[in-house]
Amino acid sequence: KMLLTSGQVSMALSSAIVVFFTIALFLSGYVLQQQTLHSLENVIKPRLPSPRASSAKSTPILDPRSKSSRNLFGIRHGSSQMFFSKPQEMVDVNWNRLAYAQMVRTHEEVCNAVMLFGELYRTRSPAHRVLLFPRSWAIDKAAPGEEEDPEVYTTRRLLRKAARKFRVILVPMGPVKADMDESSSSSYSIATPFSLIDYDRVVLLPKPGLILNSMPLDTLLAFSEPKSALTALETIEKNANVLSSTLLIRPSRQEYSRLTTTLSESSTAPSDSDFLRTSFPDIPTFHSISPSIQEDSNEAILSTTTEALTLWPPEPESTNPDEPVIPTFNATAFMRETAFIRVYDPSLPGPEYDVPYAIRAAARPQNEGARKVWERVYENFRARRQDTCGLDLEIWRERQELR
């Protein structure tokens, strides 16, 4: 027999201990690495929306002062609501066939379009993001010895940022007719988004606006089944601008060909709103219900405007049982449940302008809760404009015309 010396036994025990702790350290590191990778996947992967209920019954609220509208935000003033429920079964969605699109024709419009795409990217919306812009912005260059126009420089900087940081697909577009001036915004038509035939459905958000919650918009884009080539989220009034509404488009070669043929045969260039009304005499809208602004609500306001906030009735100074009950405006729930808000007030030039305080204060809602939301929306717009575009508010003078 071969006897081990005390030194050999000690070395064997030491080696076994080293091997054991090495394996334990390796396994613990492997488990920690897998947990970290799983956490990173959950953070960076797109969050997928759930199907909406298709059998919801429309119950519009016509008067925000009525008792039935208590704790509701009605659709009277241009807000659009749709009910979303928990899915009964998961549906496979090809997100490569769905997109948000923005069409810009002036340098002033570029920043807000990039802001919208930046918010969609931040909230990990799985749909594509497409930006249509005049091709002359990418082709035209300053003559040798001349400085580049500051607006053109800023636009190109924002286009590069949109493509690189926010993964926006840039699509140059030409004028409606070959002989039109490419530097004129009127040379480009709303028919162009119908040419995006790589997508089954495309959402056009009005400008200027803010995305507060992209999940309901993703749900609309993924699970809606519009029969018309053009559908609006809001009921469009007789004389209202169609482009002030959120639009859902079904691009196709046939529809694009029909629209471009109509434009080529027209002797004058109609406005986009008139052109859409002529091309689509009866623009369908989504059925909607008024969502309760409650903590456990599964409902969402898809689209509204800051103007609708100004029309919310103020709180009564005294309680009179003979007077109709004024609904309570829940500012916290509104900000949480609203998907998109168009920043528009008739008495203001636009959220991109630095308006004197007296003019801005006169335009604020009288209702305290609605006023807080209104002020927060304008402040968020200013902050996002600064963070996304690196631009401060424009100087506004009273002699400038309001939009």
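Residues numbered from 1 in each chain as written. Predicted model: local features only at pLDDT ≥ 70, side-chain atom pairs only at ≥ 80, totals over all residues. Heavy atoms only, no water.

(A) Region of interest: the pattern of salt bridges. In this structure the tally under the stated criterion is 11 salt bridges. Note that R384 and E119 form a salt bridge whose closest N and O atoms lie 3.8 Å from each other. Here E119 lies in helix 2 (residues 107-122) and R384 lies in helix 11 (residues 368-389), a separation of 265 residues in the sequence. Residue classification places E119 among the buried residues on the basis of a relative accessible area of 7%. Here E148 makes a salt bridge to R156, at a shortest N to O gap of 2.5 Å. (Salt bridge = Lys/Arg side-chain N within 4 Å of Asp/Glu carboxyl O. Helix = DSSP H or I, 4+ residues; strand = E, 2+ residues; numbered from the N terminus. Buried < 20%, exposed > 50% of the residue type's maximum accessible area, 1.4 Å probe, protein only.)

(B) Here's a closer look at the side chain of S273. Here S273 is to be found in helix 7 (residues 272-279). By relative accessible area, S273 is classed as buried at 10%. From its side chain, S273 meets the backbone nitrogen of V242 in a polar contact 3.0 Å long. Those residues within four positions of S273 in sequence are excluded, and the remaining contacts are A240, N241 and V242. (Polar contact = N/O pair within 3.5 Å; in protein donor to acceptor, adjacent residues only side chain to side chain. Contact = heavy atoms within 4.5 Å.)

(C) Geometry of helix 11. End to end, helix 11 covers 31 Å across 22 residues, agreeing with the expected 32 Å (1.5 Å per residue, within 8%). Those residues of helix 11 not exposed but buried are G369, A370, V373, W374, V377, Y378, F381, R384, R385, T388 and C389. The N-cap of helix 11, judged by a side-chain oxygen 3.0 Å from the amide nitrogen of G369 a few residues on, is N367. Once helix 11 ends, the next one or two residues include G390, with phi positive near 70 degrees. (Expected span 1.5 Å × (residues − 1).)

(D) Just the sheet that holds strand 7 (residues 230-232), in detail. Pairing is mixed across the open sheet formed by 6 strands, whose spatial order is 4-3-2-5-8-7. Looking along the sheet, the strands with just one partner apiece sit at the ends: strand 4 (169-173) and strand 7. Across the sheet, the axes of successive neighbouring strands diverge by a mean angle of 25 degrees, strand direction being ignored. Strand direction decides the pairing type here: strand 7 and strand 8 (residues 247-249), joined by 3 bridges, are antiparallel. If you follow A232 over to strand 8, its bridge partner there is L247. Contacting strand 2 (98-103) and strand 3 (128-134), helix 2 crosses the sheet at an angle of about 160 degrees to strand 2. (Pairing = 2+ DSSP bridges. Axes fitted to C-alpha atoms, helices over the stretch in contact; angles between N-to-C directions.)

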